[in-house]
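Understanding the architecture of this molecule
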Amino acid sequence: MRIVALAGGIGGARFLRGLLAAVGPQDEITVIGNTGDDIHLYGLKVCPDLDTVMYTLGGGIHEEQGWGRTDETWSIKAEMKEYGVGPEWFGLGDRDFATHLVRSQMLGAGYTLSQVTEALCVRWKPGVRLLPMSDDRVETHVRITDEQGTRAIHFQEYWVRLHAAVDAEAIVPVGADTAKPAPGVLDAIAEADVILFPPSNPVVSIGTILAVPGIREAVAAAPAPVVGLSPIIGGAPVRGMADKVLAAVGVEATAEAVALDYGSELIDGWLVDTADEASVAAVEAGGIACRAVPLLMTDVETTAEMARAALALAEQVRR
């Protein structure tokens, strides 16, 4: 079975770990990773979502945080602070710095982001084929209004420094409209037996991937069933502040609303948590097959059961 998953950071990475536990060694998983969160810091190219997937599946993630490296130290960050060089609000540990140094050095030598990601995965052996959504530069920005007036800031500043405490007025994936899908992305979608939307942020993770011209169209046209898992349980995000960015695009923070926003032209099936079982009928009225199953990723086996439920629904709705 050839499975394609569109994934953001922590939620997507943890779901993928369960998916790997749910499938056999003969199955092939291709992950199309969000690069809209990418940011340049200290002269380095930082790819938070790609790295979170790579570290999580490769056994190097800081489990409690869900991001960054395990057994991390912070000597470089402390030295940068002594020099008065920021930003202080974005933490890059010493081990993490090494990844960004290698990536930036390779990019500077002329390799593409796809080639760099493949090279980094040689070390981590994530068990999946990890592709960036695009080799072109795309950065998600957020329009806000605060004491400095109305302005656009990088999504990382909105999420990490401001903790989404200011209302998001618009979400803009800068550069997405002229970006091209990375090599292998469209082929993987066209050849997939199943396409999955993990419980990643539907606006700034999966939404940004779909904003790259050609990707949404390829998913919609794919012969494979497309099944998503709700990142919203009981009217609230499982983690993070997805409700803030959903509000910016006019979507209510409910499992039902997110499914209907994707639409039946894009997804064939949708899993909601048992807490949202009452929304099943409304989702199905929108032309999307829907089931209620436990969706809290408390451990790998529980997450594997979620993945099995998604694959089972895919078989039921296969076009």
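All of the points below concern the structure found in this document. Nothing here was measured: the structure is a model prediction, and the numbers come from that model.

Right, let's get into the overall build of the chain. The secondary structure content of the chain amounts to 13 helices and 14 strands. Along the first, second and third principal axes, the C-alpha set of the chain runs to 60 × 50 × 40 Å. Restricting to contacts in the chain with at least 6 residues of sequence separation, those with at least 24 account for 70%. Of the roughly 13,300 Å² of accessible surface on the chain, a fraction of 52% belongs to carbon and sulfur atoms. Between the averaged position of the 24 positive side-chain charges in the chain and that of its 43 negative side-chain charges there is a distance of 4 Å.

Counting residues in hydrophobic clusters, the biggest one holds 56 residues, and the most contacted among them are Tyr158, Ile189, Ile195, Phe197 and Trp270. Broken down by element, this core gets its largest block of residues, five residues, from helix 11 (residues 255–262). Excluding its chain neighbours within four sequence positions, the residues that come into contact with isoleucine 195 are Val4, Leu6, Ile189, Ala222, Ala224, Pro225, Val226 and Val227.

Compared with the 16 Å implied by 1.5 Å per residue over twelve residues, the 16 Å span of helix 5 (residues 113–124) between its first and last C-alpha is a close match. The set of residues buried in helix 5 consists of Leu113, Ser114, Val116, Thr117, Leu120, Cys121 and Trp124. One side of helix 5 holds all its buried residues, which, seen down the axis, span an arc of 160°. The exposed residues of helix 5 that point more than 90 degrees off its buried face are Glu118 and Val122. Packed against the buried residues of helix 5 are helix 2 (48–58), helix 4 (94–108) and strand 5 (129–132). Lysine 125 sits one or two residues past helix 5 and shows a positive phi near 45°.

On to the sheet that holds strand 14 (residues 289–292). Read across the sheet, seven strands follow the order 5-2-1-9-10-13-14 without closing on themselves; strand pairing throughout is parallel. Whereas interior strands pair on both sides, the edge strands pair on one side only; in this sheet they are strand 5 and strand 14. On average, each strand axis in the sheet is tilted by 20° relative to the strand beside it, whichever way the strands run. Sheet strands touched by helix 1 (residues 10–22): strand 1 (2–7), strand 2 (28–33), strand 9 (194–197) and strand 10 (226–229). Its angle to strand 1, the strand with the most contacts, is close to 165°.

Viewed as axis vectors pointing N to C, helix 4 and helix 5 meet at an angle of 140°, and their least axial separation amounts to 10 Å. Here helix 5 runs oblique to helix 4, going by the angle between their axes. The hand of the helix 4/helix 5 crossing is right-handed. In contact with Thr99, Val102, Arg103, Met106 and Leu107 of helix 4, helix 5 contributes Leu113, Val116, Ala119 and Leu120. Residues that form the contact of helix 4 with helix 5 fall into these classes: seven nonpolar, one polar and one charged.

This brings us to the side chain of threonine 30. By secondary structure assignment, the location of threonine 30 is in strand 2. Residue threonine 30 is classed as buried on the basis of its relative accessible area of 11%. With residues up to four places along the chain from it excluded, the contact list for threonine 30 reads Ile3, Val4, Ala5, Arg129, Leu131 and Ala188.

As a further point, take the packing of helix 1 against helix 13 (residues 300–317). Two elements in contact, helix 1 and helix 13, have axes separated by 7 Å at closest approach and are oriented at 75°. It follows that helix 1 is roughly perpendicular to helix 13 by the angle criterion. Where helix 1 abuts helix 13, its residues Arg14, Phe15, Arg17, Gly18, Leu19, Ala21 and Ala22 lie against Val300, Thr303, Ala304, Met306, Ala307, Arg308 and Leu311. Partitioned by chemical class, the residues of the contact of helix 1 with helix 13 number nine nonpolar, two polar and three charged.

With that out of the way, let us pick up the environment of lysine 45. By the secondary structure assignment, lysine 45 is in strand 4 (residues 44–46). Judged by its relative accessible area of 10%, lysine 45 falls in the buried class. Separated by 54 residues in sequence, lysine 45 and threonine 99 have C-alpha atoms that sit 9.5 Å apart. Contacts of lysine 45, omitting those with residues within four sequence positions, involve Asp38, Ile39, His40, His100, Arg103, Ser104 and Leu107.

Parameters and conventions
Residues numbered from 1 in each chain as written. Predicted model: local features only at pLDDT ≥ 70, side-chain atom pairs only at ≥ 80, totals over all residues. Heavy atoms only, no water. Helix = DSSP H or I, 4+ residues; strand = E, 2+ residues; numbered from the N terminus. Contact = heavy atoms within 4.5 Å. Areas by Shrake-Rupley, 256 points an atom, 1.4 Å probe, with all protein chains shown as cover. Lys, Arg positive; Asp, Glu negative; His and termini not counted. Charge placed at Lys NZ, Arg CZ, Asp CG, Glu CD. Core = buried A, V, L, I, M, F, W, Y, C linked by side-chain atoms within 4.5 Å. Buried < 20%, exposed > 50% of the residue type's maximum accessible area, 1.4 Å probe, protein only. Expected span 1.5 Å × (residues − 1). Arc of directions from axis to C-beta. Pairing = 2+ DSSP bridges. Axes fitted to C-alpha atoms, helices over the stretch in contact; angles between N-to-C directions. Parallel < 35°, antiparallel > 145°, perpendicular 65-115°, else oblique. Left-handed = near helix turned anticlockwise from the far one by under 90°. Nonpolar A, V, L, I, M, F, W, Y, C, P; charged D, E, K, R; others polar.

Keep in mind these values describe shape, not function.
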